[in-house]
Amino acid sequence: MTLALATRESLAIEMLERIETRTARVAVVGLGYVGLPLAETFAWAGYPVLGFDIDRRKVEQLKNGTSYIGHISAERVNELIGTRRFDATADPSRFADADVVIICVPTPLNENREPDLSYIADTGRMLRPHLRAGQLIVLESTTYPGTTEDLLQPILEESGLVAGEDFFLAYSPEREDPGNRDYATRNIPKVVGGVNFSSRELAIALYEPVVDGVVPVSSTRVAEACKLLENTYRAVNIALVNELKGVFHAMEIDIWEVIEAAKTKPFGFQAFYPGPGLGGHCIPIDPFYLTWAARKYEVNTRFIELAGEVNTAMPSIVLSRIAEALNDRGKPFKGSRVCVLGVAYKKDVDDPRESPAFPILEMLEQRGAVITYNDPHIPKLPRMRRHALQLDSRTLTEEFLAGQDCIVIVTDHSAYDFEWITRHARLIVDTRNATEGCRTAPAQVWKA
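Now for a description of the structure that goes with this document. If you're wondering where the values come from, they're calculated on a predicted model, not measured in any experiment.

**Considering the overall build of the protein chain**
For step 1, the next point in the chain: Secondary structure assignment for the protein chain yields 15 helices and 13 strands.
For step 2, the next point in the chain: Rg of the C-alpha trace for the protein chain: 24 Å, near the compact-globule value of 22 Å for 448 residues, within the 12% margin.
For step 3, the next point in the chain: In terms of principal-axis extent, the alpha carbons of the protein chain reach across some 85 × 50 × 40 Å.
For step 4, the next point in the chain: Considering only contacts in the protein chain between residues 6 or more positions apart, those separated by 24 or more positions represent 69%.
For step 5, the next point in the chain: For the protein chain, the exposed area adds up to about 20100 Å²; of that, 51% sits on carbon and sulfur atoms.
For step 6, the next point in the chain: A distance of 3 Å separates the average location of the 49 positive side-chain charges in the protein chain from that of its 61 negative side-chain charges.

**Observations regarding empty space enclosed by the protein**
For step 1, the next point in the chain: Taken as a whole and judged by the stated rule, the model has 2 cavities of 30 Å³ or more.
For step 2, the next point in the chain: There is about 80 Å³ of room inside the largest cavity.
For step 3, the next point in the chain: Taken together, Val34, Leu38, Glu140, Glu174, Arg175, Glu176, Thr185, Ile188, Pro189 and Lys190 form the lining of the largest cavity.
For step 4, the next point in the chain: Class assignment for the residues of the lining of the largest cavity results in 4 nonpolar, 1 polar and 5 charged.
For step 5, the next point in the chain: For the second largest cavity, the calculated volume is near 30 Å³.
For step 6, the next point in the chain: If you trace the second largest cavity, you find it lined by Leu36, Glu40, Ile72, Arg76, Val77 and Leu80.
For step 7, the next point in the chain: Secondary-structure elements contributing two or more residues to the lining of the second largest cavity are α2 (35-44) and α4 (74-82).
For step 8, the next point in the chain: Per-element tally for the lining of the second largest cavity: the top contributor is α4, with 3 residues.
For step 9, the next point in the chain: Among the residues making up the lining of the second largest cavity, the classes are represented as 4 nonpolar, no polar and 2 charged.

**Some thoughts on a nonpolar patch on the surface**
For step 1, the next point in the chain: Nonpolar side chains collect at one region of the surface, where Val247, Met251 and Ile253 lie side by side and expose about 250 Å² of accessible area between them.
For step 2, the next point in the chain: Among the residues examined, Val247 registers a relative accessible area of 35% and is labelled partly exposed.

**Looking at the sheet that holds strand β4 (residues 100-103)**
For step 1, the next point in the chain: An order of β3-β2-β1-β4-β5-β6-β7-β8 is seen for the 8 strands of this open sheet, with the pairing classed as mixed. In this open sheet, the two strands that pair with only one neighbour each are β3 (86-89) and β8 (214-216). Along the sheet, successive strands turn relative to each other by an average axial angle of 25°, direction set aside.
For step 2, the next point in the chain: Bridge analysis of strand β6 (residues 168-171) against strand β7 (residues 190-194) gives 2 bridges, and the strand direction is antiparallel. Directly across from Tyr171, in β7, lies its bridge partner Gly193.
For step 3, the next point in the chain: Packed on one face of the sheet, α2 meets β1 (26-29), β2 (49-52), β3 and β4 and runs near 170° to β1.

**What about the nonpolar core?**
For step 1, the next point in the chain: Within the largest apolar cluster, 45 residues are counted, with the highest numbers of intra-cluster contacts made by Ile19, Phe42, Ile102, Leu206 and Tyr207.
For step 2, the next point in the chain: In terms of nonpolar packing, the next biggest core, distinct from the first, is built from 33 residues, Val318, Ala325, Ala344 and Val429 among them.

**Description of the sheet that holds strand β13 (residues 444-447)**
For step 1, the next point in the chain: Strand order in the open sheet formed by 5 strands is β10-β9-β11-β12-β13, with parallel pairing between adjacent strands. Single-partner strands in this sheet number two, and they are β10 (370-374) and β13. Adjacent strand axes in the sheet meet at a mean angle of 20° when their direction is disregarded.
For step 2, the next point in the chain: In the sheet, strand β12 (residues 427-430) pairs with β13 via 4 bridges, with the strands oriented parallel. Counted as the bridge partner of Leu427 is Gln444 from β13.
For step 3, the next point in the chain: Of the strands in this sheet, β11 (406-409), β12 and β13 are in contact with helix α12 (residues 314-328), which crosses β13 at around 150°.

**Observations concerning α2**
For step 1, the next point in the chain: The buried fraction of α2 is high, at 9 of 10 residues.
For step 2, the next point in the chain: Taken together, the buried positions of α2 are Gly35, Leu36, Pro37, Leu38, Ala39, Glu40, Thr41, Phe42 and Ala43.
For step 3, the next point in the chain: Gly46, located one to two residues past α2, shows a positive phi value of around 105°.

**Observations concerning the packing of helix α8 (residues 220-250) against helix α10 (residues 286-296)**
For step 1, the next point in the chain: It is the contact of α8 with α10, at a shortest axis distance of 8 Å, that shows an interaxial angle of 115°. Between α8 and α10 the crossing geometry is left-handed. Contacts from Lys227, Leu228, Asn231, Thr232 and Ala235 of α8 reach α10 at Asp286, Pro287, Tyr289 and Leu290.

**Focus: the pattern of salt bridges**
Opposite charge on two side chains lets them pair, provided their charged atoms get close.
For step 1, the next point in the chain: What the rule picks out here adds up to 25 salt bridges.
For step 2, the next point in the chain: Put simply, Asp122 and Arg125 hold a salt bridge, and the shortest N to O gap is 2.8 Å. With Asp122 and Arg125 both in helix α5 (residues 118-127) and 3 residues apart, the pair spans about one turn of that helix.
For step 3, the next point in the chain: Relative accessible area serves as the criterion here: at 42%, Asp122 is assigned to the partly exposed category.
For step 4, the next point in the chain: Here Arg295 and Glu305 are joined by a salt bridge, their closest N and O atoms 3.6 Å apart. Taken together, the residues Arg295 in helix α10 and Glu305 in helix α11 (residues 302-312) connect sequence positions 10 residues apart.
For step 5, the next point in the chain: The network of salt bridges with common partners includes Glu14, Arg18, Asp99 and Arg132.

About the thresholds
Residues numbered from 1 in each chain as written. Predicted model: local features only at pLDDT ≥ 70, side-chain atom pairs only at ≥ 80, totals over all residues. Heavy atoms only, no water. Helix = DSSP H or I, 4+ residues; strand = E, 2+ residues; numbered from the N terminus. Rg over C-alpha atoms; globule rule 2.2 N^0.38 Å. Contact = heavy atoms within 4.5 Å. Areas by Shrake-Rupley, 256 points an atom, 1.4 Å probe, with all protein chains shown as cover. Lys, Arg positive; Asp, Glu negative; His and termini not counted. Charge placed at Lys NZ, Arg CZ, Asp CG, Glu CD. 1 Å grid on protein atoms, 1.4 Å probe; cavity = no way out; pocket = protein on both sides within 12 Å on 5 of 7 lines; lining within 4 Å. Points joined across faces, edges and corners; volume = space filled by probe spheres on them. Nonpolar A, V, L, I, M, F, W, Y, C, P; charged D, E, K, R; others polar. Patch = residues over 30% accessible without salt bridge, like charges linked within 9 Å, V, L, I, M, F, W, Y side chains within 5 Å. Salt bridge = Lys/Arg side-chain N within 4 Å of Asp/Glu carboxyl O. Buried < 20%, exposed > 50% of the residue type's maximum accessible area, 1.4 Å probe, protein only. Pairing = 2+ DSSP bridges. Axes fitted to C-alpha atoms, helices over the stretch in contact; angles between N-to-C directions. Core = buried A, V, L, I, M, F, W, Y, C linked by side-chain atoms within 4.5 Å. Left-handed = near helix turned anticlockwise from the far one by under 90°.

Here you go:
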């Protein structure tokens, strides 16, 4: 056995012992909708955890026991702090104290709908001066196959340390579903791939005690591709029902009734539902990562790209439906008072990323409508990468609803009493079938 091989095995054995005895300090980079629940999971499993974020406001809020994520209560944050196994910081020098660093940073699209991997690259460069022999680095951010080995690994190796020999490198895609009451970090299996055998085995050992099942795969590229497949599958099927919605509308058939009937089949069918457009950080973005990566290999992905076009067009289709509804009442866009209900990208969360509500609101404003919104989870519109609307959530009262020319249901939060809303609104455009079954409905309801 060569000295180099003996040293490498010694580093792996030492790290494995720390992981198994839960003395390995786990640093989680990016304390958002993925990173904070992950940090919480490791802390409750008994590991000492260091949460890192470049946003000092988040760090201070956590240290003070408050939460900035709607479905994570302040009580949970205080319990996390109370374990004395969690600390938060914005100081990158503290990476040197970590045995494991898990990267959970955003991977958005740029203006040309191409991958923006600047957060991963910046994290790698920030980590590089503090990288030391024996550390395990795991990337969880959603990205295209090859990112771990082709982008992150070279940046880290500029430290002079070699991945798989001096330090260990793996990829395990995040599978968070904010607001899901049935599945959270602890009970969602983790797919794990490493740049070599030791890296993968250490990552498996890290996740096995904290989640319900680990699924080893042969490489980081397979693990990266797995996440893209999961979300492209959903995007394509949502595009299918969005397109069918238009077909069935022309035939005067209710798509929602069709889906309810079809899903009674006990095999071969899974229900997907139409809507005003895709939102969140995964489904609207991941298929474009895949199509971009495919072009590097001179492979066409016409099916996936078409699905992306269908889903991206949905806010414009909703706008057309609003125009029809207003026109039916003899009203133009200009001067009409239109209130959007729900700006979060999905039901019962406070996450507005990529929400179709933003382009809908902007297109309404561009056409002269007097726009307002209500969302019980988002009291003020945050500044987004491509949207800069400045509005505060309006209180829903009988008088306010009656004073609007049109109410547009974009997100069907459980907090909304749709029976009451239909009783007091004049005109409703419903993109979520939220008013189905409302018994008292003097408002004219248009499904979109």
